[in-house]
Amino acid sequence: FVMFFAAAVHFFAVETVHFQEQSYSGSITYNEKAQPGDAVFVRLSMKFSGAELNESPRNPAAVLHLFKGKKRIASAQFFFTNPKDRNTAAADMLAGIPLSTWYPSSDGYSLKVIISAGKTQEKEITLPFDILKKQFASERIQLDEKNTGIRKDTSTPRRVQSEKLNNILGTVLSQDVYTLKPFTLPVNSKRITSGFGERRVFVYTDKKTSTSMHCGIDYGVPTGTPVQSCAEGKVMLAENRITTGWSVVIEHLPGLYSIYYHMDSLGVQEGQYVKQGEMIGLSGATGLATGPHLHWEVRLNREAVNPEFFL
């Protein structure tokens, strides 16, 4: 598993583009290729000179757009990797766009970075970008009476829980930069029982079916296995939910969250700051689960992204 991902990272090598303007210069570094379900991250580094240094405040800003042909299909604002850099002579910014598992493979994609700084004219930089072909597995899951009931639950408590989660995942605060390090695995196991992006068909006790996409990775570990935070961050949710059992959501970057479902017990509370590798609970089989496991999920701007991308 680790060797496979190392090879993937090497294949999706980063590209760097340099630019020079009268009052500033800089570089753009990004992954030029990705697969559906991954993400594209662009790092923008800028240095200011001349009259630009005397402007107060400068407030450099940038936005990242993803195009398919001439159609813009996604956008993200850049944030400062160090929020204190906003009015210094140099700035380092980052933006990421999730790539839906439903995006077709094509060489017709491109990225555009639009930079504004002080009174200077906006600068547009177009970057080549490819989404490669990827095939996702499918599975058919027979549900017992308990899990059928959870899946069909339309109660107010379940709706309120969903709204709370969606509000958290939709929050993007530019100052919330907790880590820039690669993620680590949340459990000491590489036994994956269900992969990211799998297309699922749930079969209910009445033989009716429904379909969905698996938004994370399931690790088949026994109940009571320690679960660690994959990266430093702030706990935004820690509660027992109808569908996902004992659950934790941690914010790591603006719009970037990791999620841990079906745990047997929790060791953290909302508002708590955690370090990478810190234990946040014990795995289990609570909520809609057919056996003990940990469901690990990563969301970027609400969209589910392959957690392996961040390792």
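Given the structure is predicted, the values throughout are model-derived calculations rather than measurements. (Residues numbered from 1 in each chain as written. Predicted model: local features only at pLDDT ≥ 70, side-chain atom pairs only at ≥ 80, totals over all residues. Heavy atoms only, no water.)

1. Side note on the sheet that holds strand E5 (residues 61-68)
Thinking step 1. Across the sheet, 4 strands lie side by side as E6-E5-E9-E10; this open sheet has antiparallel pairing. Looking at which strands have only one partner, the edges of the open sheet turn out to be strand E6 (71-77) and strand E10 (123-128). Neighbour to neighbour, the strand axes of the sheet diverge by 25 degrees on average, direction disregarded.
Thinking step 2. Alignment of E5 against E6, held across 6 bridges, turns out to be antiparallel. Each residue of the ladder has a partner; that of Lys68, found in E6, is Lys71. (Pairing = 2+ DSSP bridges. Helix = DSSP H or I, 4+ residues; strand = E, 2+ residues; numbered from the N terminus. Axes fitted to C-alpha atoms, helices over the stretch in contact; angles between N-to-C directions.)

2. What to know about the pairing of E10
Thinking step 1. Along E10, the buried face is formed by Lys123, Ile125 and Leu127; none of Glu124, Thr126 and Pro128, which line the opposite face, is buried.
Thinking step 2. Pairing between strand E9 (residues 109-116) and E10: 6 bridges, direction antiparallel. Following the sheet pairing, Lys112 is matched in E10 by Thr126.
Thinking step 3. Counted between consecutive antiparallel strands, the loop separating E9 from E10 contains 6 residues, among which Gly118 sits at a positive phi close to 60 degrees. (Buried < 20%, exposed > 50% of the residue type's maximum accessible area, 1.4 Å probe, protein only.)

3. Let's talk about the pattern of salt bridges
Thinking step 1. In this structure the tally under the stated criterion is 12 salt bridges.
Thinking step 2. Where Lys164 meets Glu270, a salt bridge forms, and the shortest distance between an N and an O atom there is 3.0 Å. You can see Lys164 sitting in helix H3 (residues 156-169) and its partner Glu270 sitting in the loop between strand E20 (256-266) and strand E21 (273-274), a full 106 residues away along the chain.
Thinking step 3. Assessed through its relative accessible area of 38%, Glu270 is described here as partly exposed.
Thinking step 4. One continuous salt-bridge network, built from bridges that share partners, spans Glu139, Arg200 and Asp218. (Salt bridge = Lys/Arg side-chain N within 4 Å of Asp/Glu carboxyl O.)

4. Observations regarding the pairing of strand E15 (residues 209-213)
Thinking step 1. Examined bridge by bridge, strand E14 (residues 199-203) and E15 share 5 bridges and lie antiparallel to one another. Opposite Phe202, over in E15, you have Ser210 as the bridge partner.
Thinking step 2. Here E14 folds back onto E15, and the loop between the two strands holds 5 residues, one of which, Lys207, carries a positive phi near 75 degrees.

5. Comments concerning the sheet that holds E14
Thinking step 1. An order of E12-E14-E15 is seen for the 3 strands of this open sheet, with the pairing classed as mixed. Here the strands that pair on one side only, and so sit at the sheet edges, are strand E12 (138-142) and E15. Taken over all neighbouring pairs, the strand axes of this sheet differ in orientation by 20 degrees on average, direction set aside.

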